[in-house]
Amino acid sequence: MTDSTVTSATGSSRFPSRYVWAGLKLVGSVALTFFGLLLVTFLIGRVVPVDPVLAAIGDRASHDTYEQVRREMGLDLPLWQQFASYVLQVLKGELGKSVLTANTVVDDIKRVFPATMELATTATLFGVAFGVPMGVVAAVNQGRWPDQIVRLLGLFGYSMPVFWLGLMGLLLFYGILDIAAAPGRVDFANLDVVETWSGLILLDSALQGEWEVFFDALHHLILPAAVLGYLSLAYISRMTRSFMLEQLRQEYVTTARVKGLSEARVIWRHALGNVMVPLITVIALSYANLLEGSVLTETVFAWPGLGQYLTASLLAADMNAVLGATIVVGAIFIGINLLSDLLYRLVDPRAK
Amino acid sequence: MTQLRAWLTADTPVSRNHARAIQAYLSWRALASNPLTMIGLLIVVALVVFATLAPMLAPQSPVAQDLTQRFIAPGTQYLFGTDEFGRDILSRILYGARVTLYIVVLVAVTAAPVGLLVGTVSGYFGGWVDAALMRITDIFLAFPRLILALAFVSALGPGIENAVLAIALTAWPPYARIARAETLTIRTSDFIAAARLQGASGFRIVVGHVVPLCSSSLIVRVTLDMAGVILTAAGLGFLGLGAQPPLAEWGAMVSSGRRYLLDYWWVATIPGLAIFVVSLGFNLLGDGLRDVLDPKSS
């Protein structure tokens, strides 16, 4: 640790240019990754057995109309030109029209995305609130029963099909115990009561003072968020445990103990404080993974979010919507990775 | 027996094969000392046995419908009950093991060699080859796997082969990363330099010397990944994009049982339990293998 402090202090005159260089490299690699994402979705769009021209004009149109529409859609151009215009379109924020809903894909995604965000955020909060303390307790009691329990819970989380866990949750808490709400985001009576401001129903209902809707929405949110949050709990607790084990071996922990600090202060303040930095990356990654997990969870809980939109479009072979949603999720994924990388550099001076 | 054990634990191996046998025996002992790993191994072996012997073990045909026998609860007549078409769920679970094993094996034998090849070539040759291959790997790593698999399957059409292809396409990048990291430490070794001085070609060194040394950490990673592969395949099946009916696939079985969840709990619960147990088995086995084969990364 002392070593790296010294080098960064002596190297400070060259620091700005190195910093800029690293930033440029990061931006370049992100741009390249996004480009790769577009290439993949473009190629997927090419191999689809659905003929986009026929999909637009129907199979009764004449041959001339077919050729004309084909030219208008730019499908007679060489592949690389088609790809170039595709990239330009996406960069302008155009993802085409959905056949299923007859809206533009961008509008559709804007409408459904807040529901997914609400679910994934609550789930992550759940995962952090339980996963971090569990990981710490496991590390402190390494090898003893609390550690084994946390390890087993984590393994179960890694092995559980999330859609099945959701169904079991519904069976137990809704079907048998009758304490959870039915699938859906709010009760039927509370649909469209709250005006859509942010799309986050908890926020909107609270801002508009509709407390009945607020609590109803909360009631509906708890079970799916807990199911999804269990996945992130498994990941976060395992990573917290291994980070904590590493910290507890360090000499500063011994020093703190020798100084006479209470064990709680040593663990929760000194050691956990140092774990926070790598933990940010882990939490960001688990948030990105939850966006994926939400595809299956939303199907089970009839949650009107991006995941359900994606699966509905998939089953209807609505390729614009499928590829649009893939691009959006991929872009968020890449964005979160970038953000966690930047945060890491910002918080941890050694990472520079 | 004691003679065999003495031979297997000898301090001074007399031949190369003897040394290998000792090594294998000691690894096995380390593996067997962990009960959780043994449970995992047992589950995986059971999967293989059930899948192979499904026609002999299954009390009924997995697709035979009998509408007079619908929704019979688990009991003595039908161990796991019957589904909405009166099919025996136990038989369908057994045949479903075949589908799961098929997917797991196919993904392992397609994704692992690709990852291994990309990683070793990238690490051994370095320079622009490395830069280009690792960029491609990074691009694939940055994708959300399930979503990409969904997009692939939607383009190629639903079906078990396409599901395997989609999963394999998203599974190889981590293997490439691991193989590259291993190769970077191996390539500077003296024995590689010796092989090169003897005139061995780059291809020969990579295939003959580097690849075998990368294998153990790769096996660990592949085993751990199989749990994820099973879950992704089951997820695709659940969404109706994997194996198509009437083929017995566990994810699709959960999906069809879902409609009757509150009235007939077993139809969706039991196939889901099968997915969970098998994927837990691979996780337990992978954890144990990692402790034995690759202690530095645990």
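Every chain's residues receive numbers from 1 upward, in the order its sequence appears when written. To label them, take the chains in the order written and letter them from A, then take the ligands in the order written and number them from 1. Owing to the predicted nature of the model, reporting of local features is limited to residues with pLDDT of at least 70; listing and counting of side-chain atom pairs is limited to 80 or more, with chain, interface and lining totals taken over all residues. Computation of side-chain values covers all heavy atoms of the structure but excludes hydrogens and water.

### Some remarks on the overall build of chain A
In step 1: We count a stretch as a helix when DSSP gives it H or I for four or more residues in a row; a strand needs E for two or more, and each element gets its number in order from the N terminus. A tally of regular secondary structure across chain A gives 14 helices and 0 strands.
In step 2: When the helices and strands of chain A are read in sequence order from the N terminus, they spell out α-α-α-α-α-α-α-α-α-α-α-α-α-α.
In step 3: Dimensions along the principal axes, computed over C-alpha positions, put chain A at roughly 90 × 65 × 40 Å.
In step 4: Per-residue burial over chain A gives 43% buried out of 352 residues.
In step 5: Residue contacts are defined here by distance: any two heavy atoms, one from each residue, within 4.5 Å place the two residues in contact. Sequence separation of at least 24 residues holds for 72% of the intrachain contacts in chain A that already meet a minimum separation of 6.
In step 6: With an accessible surface of roughly 18,300 Å², chain A has 64% of that area assigned to carbon and sulfur atoms.
In step 7: Positive charges are assigned to Lys and Arg, negative charges to Asp and Glu, while His and the chain termini are left out of the count. Think of each charge as sitting on NZ of Lys, CZ of Arg, CG of Asp or CD of Glu. In chain A, 24 side chains carry a positive charge and 28 a negative one; their mean positions are 15 Å apart. Exposure is judged per residue with a 1.4 Å probe applied to protein chains only, and the accessible area is read against the type maximum: over 50% gives exposed, under 20% gives buried, and values in between give partly exposed. Accessibility throughout is a Shrake-Rupley quantity obtained with a 1.4 Å probe, and a residue counts as covered only by protein chains that appear here.

### Quick notes on the interface of chain B and chain A
In step 1: Opposite the 39 residues of chain B that make contact, chain A presents 42 residues.
In step 2: The buried area of a pairing is the accessible area, by a 1.4 Å probe, that goes missing from both parts when the two are put together, added over both. Together chain B and chain A conceal approximately 3,800 Å² of surface at their shared face, both sides included; 80% is due to carbon and sulfur atoms.
In step 3: On the chain B side of the contact with chain A, Ile147, Leu239 and Phe276 of chain B bury the most area, a combined 15% of that side's loss.
In step 4: We define a salt bridge as a side-chain nitrogen of Lys or Arg found within 4 Å of a carboxyl oxygen belonging to Asp or Glu. Here chain B is connected to chain A by 2 salt bridges.
In step 5: In this structure, the salt-bridge partner of Asp287 of chain B is Arg238 of chain A, at a minimum N-O distance of 3.7 Å.
In step 6: Definition of a polar contact: a pair of N or O atoms within 3.5 Å, with one able to donate and the other able to accept a hydrogen when the atoms are protein atoms, and with sequence-neighbouring residues admitted only if both atoms are side-chain atoms. Where chain B touches chain A, the interface holds 5 residue pairs in polar contact (both at pLDDT 80 or more).
In step 7: Per element, the largest residue contribution to the side of chain B that touches chain A is 11 residues, and it comes from helix 11 (residues 266–293) of chain B.
In step 8: Residues were grouped as follows: Ala, Val, Leu, Ile, Met, Phe, Trp, Tyr, Cys and Pro as nonpolar; Asp, Glu, Lys and Arg as charged; and all remaining residues, including Gly, as polar. Looking at the side of chain B that touches chain A residue by residue, the classes come out as 28 nonpolar, 7 polar and 4 charged.

### Side note on the domain arrangement of chain B
Residues and elements named next belong to chain B.
In step 1: Start and end positions for the domains come from either an automated domain assignment or a database one. By domain assignment, chain B separates into domain 1 (1–33) and domain 2 (39–297).
In step 2: Here domain 1 and domain 2 have C-alpha centroids that lie 31 Å from each other.
In step 3: On the side of domain 2, 4 residues touch domain 1, which itself brings 4 residues to the contact.
In step 4: The junction of domain 1 with domain 2 conceals about 300 Å² of combined surface from both sides, 94% of it contributed by carbon and sulfur atoms.
In step 5: Contact with domain 2 buries surface across domain 1, with Ser27, Trp28 and Leu31 losing the most and accounting together for 87% of the total.
In step 6: Scanning the region where domain 1 abuts domain 2 turns up 0 salt bridges.
In step 7: Taken together, the links from domain 1 to domain 2 amount to 0 residue pairs in polar contact (both at pLDDT 80 or more).
In step 8: Considering only residue class, the side of domain 1 that touches domain 2 consists of 3 nonpolar, 1 polar and no charged.

### Regarding the pattern of salt bridges
Residue and element names in this part refer to chain A.
In step 1: Taken as a whole, this structure holds 13 salt bridges over all chains when the rule is applied.
In step 2: In this structure, Asp147 engages Arg241 in a salt bridge whose closest nitrogen and oxygen atoms are separated by 2.7 Å. With Asp147 in helix 7 (residues 145–159) and Arg241 in helix 10 (residues 211–248), the pair connects residues that are 94 residues apart, well separated along the chain.
In step 3: Relative accessible area serves as the criterion here: at 5%, Asp147 is assigned to the buried category.
In step 4: Given the relative accessible area of 24%, Arg241 is considered partly exposed.

### Comments concerning the packing of helix 9 (residues 202–238) of chain B against helix 11 of chain B
All names here are of chain B.
In step 1: Interaxial angle, 0 to 180 degrees, is taken between N-to-C directions of lines fitted to C-alpha atoms, where a helix line uses only the stretch in contact. Remark: helix 9 packs on helix 11, axes separated minimally by 8 Å, with the N-to-C direction vectors making an angle of 165°. In terms of axis orientation, helix 9 runs roughly antiparallel to helix 11. At the point where helix 9 passes helix 11, the crossing takes the left-handed sense. Contacts between helix 9 and helix 11 involve Ser216, Ile219, Val220, Thr223, Leu224, Met226, Ala227, Ile230, Leu231 and Ala234 from the former and Ile275, Val278, Ser279, Phe282, Asn283, Leu285, Gly286, Asp287, Leu289, Arg290 and Leu293 from the latter. Here the word oblique covers every angle except those under 35 degrees (roughly parallel), over 145 (roughly antiparallel) and from 65 to 115 (roughly perpendicular). In this scheme the handedness of a crossing depends on how the near helix is turned from the far one: anticlockwise by less than a right angle means left-handed, clockwise means right-handed.

### Looking at the side chain of Gln69 of chain B
Residue and element names in this part refer to chain B.
In step 1: Secondary-structure assignment places Gln69 in the loop between helix 3 (35–57) and helix 4 (89–125).
In step 2: By relative accessible area, which is 18% here, Gln69 ends up buried.
In step 3: Each residue touching Gln69, except ones within four places of it in the same chain, is listed here: Gln77, Tyr78, Thr82 and Gly86.

### As for the side chain of Asp88 of chain B
Residue and element names in this part refer to chain B.
In step 1: Secondary-structure assignment places Asp88 in the loop between helix 3 and helix 4.
In step 2: No salt bridge forms around the buried Asp88; measuring N to O, its nearest opposite-charge neighbour Arg92 is 9.2 Å away.
In step 3: Beyond its immediate stretch of four places on either side in the chain, Asp88 contacts Pro59, Gln60, Tyr78, Gly81 and Thr82.

### Observations concerning the packing of aromatic side chains
In step 1: Aromatic rings from Phe, Tyr and Trp, taking only the six-membered ring of Trp, are treated as a pair when their centres fall within 6.5 Å; an angle between ring planes under 30 degrees marks them as stacked, one over 60 as edge-to-face, and anything in between as tilted. The full count for this structure, using the stated rule, is 16 aromatic pairs over all chains.
In step 2: Summarising the aromatic geometry, the rings of Phe214 of chain A and Phe215 of chain A are spaced 5.3 Å apart at their centres and angled 85° between planes, so their arrangement reads as edge-to-face.
In step 3: Accessibility expressed as a relative area gives 17% for Phe214 of chain A, which makes it buried.
In step 4: Taken together, a centroid distance of 5.8 Å and an interplanar angle of 90° make the contact between Trp265 of chain B and Trp266 of chain B edge-to-face.
In step 5: One aromatic cluster is present, built from ring pairs that chain together Phe71, Tyr260, Tyr264, Trp265 and Trp266 of chain B.

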